[in-house]
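The primary structure of each chain is shown beneath.
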Amino acid sequence: MKINQNTVLQGKKVTLVPYTSAHVSRYHEWMKSEELQRLTASEPLSLEQEYEMQRSWQEDADKCTFIVLDTERWAGQAGTEEDCMVGDVNLFLTDMEDPTVGEIEVMIAEPSCRGRGFGKETTLIMMFYGVTKLGITKFEAKVGQENEASICMFKKLHFKEVAVNRVFQEVTLKLDVNEQQRQWLLEQTNHVEEKNYSVLNLQTRASET
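Residues numbered from 1 in each chain as written. Predicted model: local features only at pLDDT ≥ 70, side-chain atom pairs only at ≥ 80, totals over all residues. Heavy atoms only, no water.

## Things to note about the sheet that holds strand S3 (residues 63-70)
Spatial strand order, S7-S8-S6-S5-S4-S3-S2-S1-S9: nine strands in an open sheet with mixed pairing. Looking at the sheet topology across the chains shown, the edges are occupied by strand S7 (160-165) and strand S9 (193-196). Strand-to-strand twist across the sheet, computed as the mean angle between neighbouring axes with direction ignored, equals 25°. Here strand S4 (residues 85-92) pairs with strand S5 (residues 101-108) via six bridges, running antiparallel. Residue pairing across strands places Leu 91 opposite Ile 104, the latter belonging to S5. Where helix H5 (residues 118-133) meets the sheet, its contacts fall on strand S1 (7-10), strand S2 (14-18), S3, S4, S5, strand S6 (138-144), strand S8 (170-176) and S9, and the angle it forms with S5 comes to roughly 155°. Helix-sheet contacts for helix H6 (residues 148-156) involve S5, S6, S7 and S8, and the interaxial angle to S6 is about 160°. (Pairing = 2+ DSSP bridges. Helix = DSSP H or I, 4+ residues; strand = E, 2+ residues; numbered from the N terminus. Axes fitted to C-alpha atoms, helices over the stretch in contact; angles between N-to-C directions. Contact = heavy atoms within 4.5 Å.)

Okay, structure coming up:
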């Protein structure tokens, strides 16, 4: 999605940046994991296919994708941006009849970053972006039945379980963002700073020379 191609959303634990070709190699390595393939219901792709997918997602009007960085490492410039990657988050706007519906997917790929609140803050920031920039008022999440940690996280964020598909072994959770939920979401994300990705990259290159 082009709308977020220059958007950086910096939180306390995680920072969301646009998915670019520079992130594909690390992402491809993650997706070789059978565990992640199972948890995300994904098929393994070749590196070339991953690059094609990244280009497609950057252009598609119905997919909003961010790469998730470890804020502490990234802000401290501890290595390259690729070194700071911990996962990704997506919003799919695929309901042609209702553009206010967004299906959210979150993946914290780095095992050392799980169970530390990275997924929760990532989800809250993406919901904040969806509500304030994309006009989303209804969120949906589809999670594998065995992914109890993710199901529990969504429920803590006020999502309600609405369906279980035993064929695909998948749980569907939904959240309608009424005014009370919107205010709660804004309070949870009032620390988030929005920055310009191009400007930050220019500053990084200038500091390296």
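Having seen the structure, we can now continue with the description.
## Remarks on the pairing of S4
Taken across its eight residues, S4 has eight buried, putting it largely inside the fold. Relative to S4, S3 runs antiparallel, the two being bridged by seven bridges. Following the sheet pairing, Cys 64 is matched in S4 by Leu 91. (Buried < 20%, exposed > 50% of the residue type's maximum accessible area, 1.4 Å probe, protein only.)

Function cannot be read off these values alone, since they describe shape.
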